Amino acid sequence: MKEKTLRLLDTLRRKDRKSVLFVCLGNICRSPAAEGVFRAMVEEAGQQDCWHIDSAGTGRYHIGQLPDNRMRVHARRRGLELTHRCRQVCEADFDDFDIIIPMDADNEANLRRVAPSPEALDKIVPMAEFVDMAMRYDYIPDPYYEGAEGFELVLDLLYSGCSRLLSLLS
C-alpha cells in the first residue's frame, strides 16, 4: 500500500465519523455495489452510526436511475438490496467525503481532473489498493458488457476490498 494511503488511513482511523464515496463511470454497477457491500459490512460490525457511505459516477449517463438490474439481481443473491439512485460526482464531494475510491484508472483520472485542490487529490485512493493481491486484479473491471460471471467477479473483488478497507479503518 502506498505511503500516502497509509497516512490518510491513519488520519481517518482517529475520526469518530468517517465518510467514503465509491466511484465508477455510470454509477450503475461497480460503485453502487461497493456502496451496498460496504454498508452491509458496516452494519454487521455495528458501526452504521460511524459512517456516511455513498457512490457516484464520473459520467452523467444514468442520473436518477437505479443500479443496473443485473447487478441488483447478483447482489440480491448475496443478501444485498441496491436501492441507490445514480448521481454524478461533483466538486462538493471532495469536501463532503474523507476518502474517494475509484474502481479503475480511468475513473481515477477523471476524479483527478475535477479535484479542486491538492488536499482533494490526496483523498483519492483506488479500490485496487484494498483488494487482496491473490485475486490478481489491479482494478475493478466493468461488468456492463459481460455475462453473469462478470458481475460475480466484481462482487467478489468488492467483498475483498471492502473487508480490508473496514478492517484498516476500524
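The preceding data block contains the structure.
Conventions used here
- Residues numbered from 1 in each chain as written.
- Predicted model: local features only at pLDDT ≥ 70, side-chain atom pairs only at ≥ 80, totals over all residues.
- Heavy atoms only, no water.
- Pairing = 2+ DSSP bridges.
- Helix = DSSP H or I, 4+ residues; strand = E, 2+ residues; numbered from the N terminus.
- Axes fitted to C-alpha atoms, helices over the stretch in contact; angles between N-to-C directions.
- Contact = heavy atoms within 4.5 Å.
- Polar contact = N/O pair within 3.5 Å; in protein donor to acceptor, adjacent residues only side chain to side chain.

Chemist: Please clarify how the sheet that holds strand E2 (residues 51–57) should be interpreted in this entry.
Modeler: What holds strands together in a sheet is hydrogen bonding between their backbones, with the strands either parallel or antiparallel. Overall, parallel pairing links the three strands, which are arranged E2-E1-E3 in an open sheet. Where the open sheet ends on each side, the last strands, each with one partner, are E2 and strand E3 (99–102). The average angle at which neighbouring strand axes cross in this sheet is 20°, direction not considered. The sheet contact formed by strand E1 (residues 18–24) and E2 spans seven bridges and is parallel. What sits directly across from Lys 18, in E2, is Trp 51. Contacting E1 and E2, helix H2 (residues 30–44) crosses the sheet at an angle of about 170° to E2.

Chemist: Just checking my understanding: could you explain the environment of Ser 170 for this structure?
Modeler: Looking at where Ser 170 falls in the secondary structure, it is placed in the segment after helix H7 (148–169). Distance from Ser 170 to Leu 12, taken between C-alpha atoms, is 9.4 Å for residues 158 residues apart in sequence. Discounting chain neighbours no more than four positions away, the residues touching Ser 170 are Arg 13 and Gln 47. Side chain to side chain, Ser 170 and Gln 47 meet in a polar contact 3.3 Å long.

Bear in mind that shape data such as this cannot, by itself, settle questions of function.
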